[in-house]
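# Structure at a glance
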Amino acid sequence: MSDRGRLANHAWEGLLSAHARLMKQFAEADTWHDLSMREYDVLYTLSKYREPLRIGELHRHVLLSQPALSRMVDRLAERGLLERCPDPADGRGVRLSLTAAGRDKQRSIGRGHAAHVARAVTAELSRDELEQLAVIAWKLAGRAGTTTDDDQKEPQQ
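For the structure given in this document, a descriptive report is provided here. Just so you know, these numbers come straight off a predicted model, no measurement behind them. Position numbers for residues count from 1 along each chain, tracking the sequence in the order it is written. Local features in this predicted model are restricted to residues whose pLDDT is 70 or higher, and side-chain atom pairs enter the listing and the counts only when it is 80 or higher, whereas totals over whole chains, interfaces and linings include all residues. To get the side-chain values, all heavy atoms of the structure are used, and hydrogens and water are removed first.

## Examining the overall build of the chain
- Numbering of helices and strands runs from the N terminus, with a helix taken as a DSSP run of H or I at least four residues long and a strand as a DSSP run of E at least two residues long. A count of helices and strands for the chain gives six helices and three strands.
- Structurally, the chain occupies a C-alpha span of about 55 × 35 × 30 Å along its principal axes.
- Each residue is placed in one exposure class: buried if its accessible area under a 1.4 Å probe, protein chains only, is under 20% of its type's maximum, exposed if it is over 50%, and partly exposed if it falls in between. Counting every position in the chain, which comprises 157 residues, the buried fraction comes to 27%.
- Residue contacts follow a heavy-atom distance rule, with two residues in contact if any of their heavy atoms lie within 4.5 Å. Taking the intrachain contacts of the chain between residues at least 6 apart in sequence as the baseline, contacts between residues at least 24 apart amount to 57%.
- Under the convention used here, Asp and Glu are negative, Lys and Arg are positive, and both His and the chain ends fall outside the count. One atom stands in for each charge, and that atom is NZ of Lys, CZ of Arg, CG of Asp or CD of Glu. Distance between charge centres in the chain, computed from 24 positive and 23 negative side chains, equals 2 Å.

## Overview of the pairing of strand β2 (residues 82–87)
- Pairing between strands is defined by DSSP: at least two bridges between them are needed. Inspection of the sheet shows β2 paired to strand β3 (residues 90–98) by six bridges, in the antiparallel sense. Paired with cysteine 85 across the strands is arginine 95, a residue of β3.
- Remark: two residues form the turn of the hairpin made by β2 and β3, two consecutive strands paired antiparallel.

## Digging into the packing of helix α2 (residues 37–47) against helix α5 (residues 100–122)
- To define axes, lines are fitted to C-alpha atoms, for helices over the stretch in contact only, and angles between the resulting N-to-C directions are given on a 0 to 180 degree scale. Relative to each other, α2 and α5 sit at 105°, their axes nearing to 9 Å. Classified by the angle their axes make, α2 and α5 are roughly perpendicular. Only Gly102, Arg103, Lys105, Gln106, Ile109, Gly110 and His113 of α5 make contact with α2, whose side of the interface consists of Tyr40, Leu43, Tyr44 and Ser47.
- Per-class residue counts for the contact of α2 with α5 are four nonpolar, five polar and two charged. The labels follow the angle: roughly parallel below 35 degrees, roughly antiparallel above 145, roughly perpendicular from 65 to 115, and oblique for the rest. Amino acids outside the nonpolar list (Ala, Val, Leu, Ile, Met, Phe, Trp, Tyr, Cys, Pro) and the charged list (Asp, Glu, Lys, Arg) are all regarded as polar, and Gly is one of them.

## Notes on the packing of aromatic side chains
- A pair of Phe, Tyr and Trp rings is counted when the ring centres sit within 6.5 Å of each other, with Trp represented by its six-membered ring. The angle between the planes then sorts it: under 30 degrees is stacked, over 60 is edge-to-face, the rest tilted. Counted according to the given criterion, the structure contains two aromatic pairs.
- Look at tryptophan 32 and tyrosine 40: their rings are 5.4 Å apart centre to centre, the planes differ by 50°, and that puts the pair in the tilted class.
- The class for tyrosine 40 is buried, based on a relative accessible area of 7%.
- Taking the centre distance of 6.1 Å and the plane angle of 25° together, the rings of tyrosine 40 and tyrosine 44 count as stacked. Of the two residues, tyrosine 40 and tyrosine 44 both sit in helix α2, four residues apart, roughly one turn of that helix.
- With relative accessibility at 28%, the residue tyrosine 44 sits in the partly exposed group.
- Three or more aromatic residues link up through ring pairs in this structure, and these residues are Trp32, Tyr40 and Tyr44.

## What to know about the side chain of histidine 113
- Residue placement: histidine 113 occurs in helix α5.
- Contacts of histidine 113, omitting those with residues within four sequence positions, involve Phe26, Thr31, Trp32 and Tyr40.

## Some details on the sheet that holds β3
- In spatial order, the strands read β1-β3-β2; together these three strands make up an open sheet with antiparallel pairing. Each having just a single partner strand, β1 (53–54) and β2 make up the two edges of the open sheet.
- Running at roughly 110° to β2, helix α4 (residues 66–78) makes contact with β2 and β3 of the sheet.

See the structure below:
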């Protein structure tokens, strides 16, 4: 393997290790109230879009299998946090959006989670390193030079 290949693998291992360490910290935090971190992720993802999403679109943005996501959507809908509406472009399809209660829950939990993320990351990185990390992470995400997923997203608070 070339030096560049070894360096790429070393960087990848570091990225995965950092992700695992931070996710454990976040999962253990008293932030989530009566939601799991994965349930919050679904609410957060839906909150970023102005228009309701089909479950397949939502699936592209969360780390859950399609069946697990479908079951979670059912549970969140039963709890009144998201709703299903007919897809105007496909009468058989369904789109998902947050209810007012779901939006309130996401924002309430999100404020605490965002503060925890900021504390955890700024404790380890300087401002210059944070800027470098943002550029590199978005580049690896396939959206170099962006700070949002796409034009469909609402501005974040």
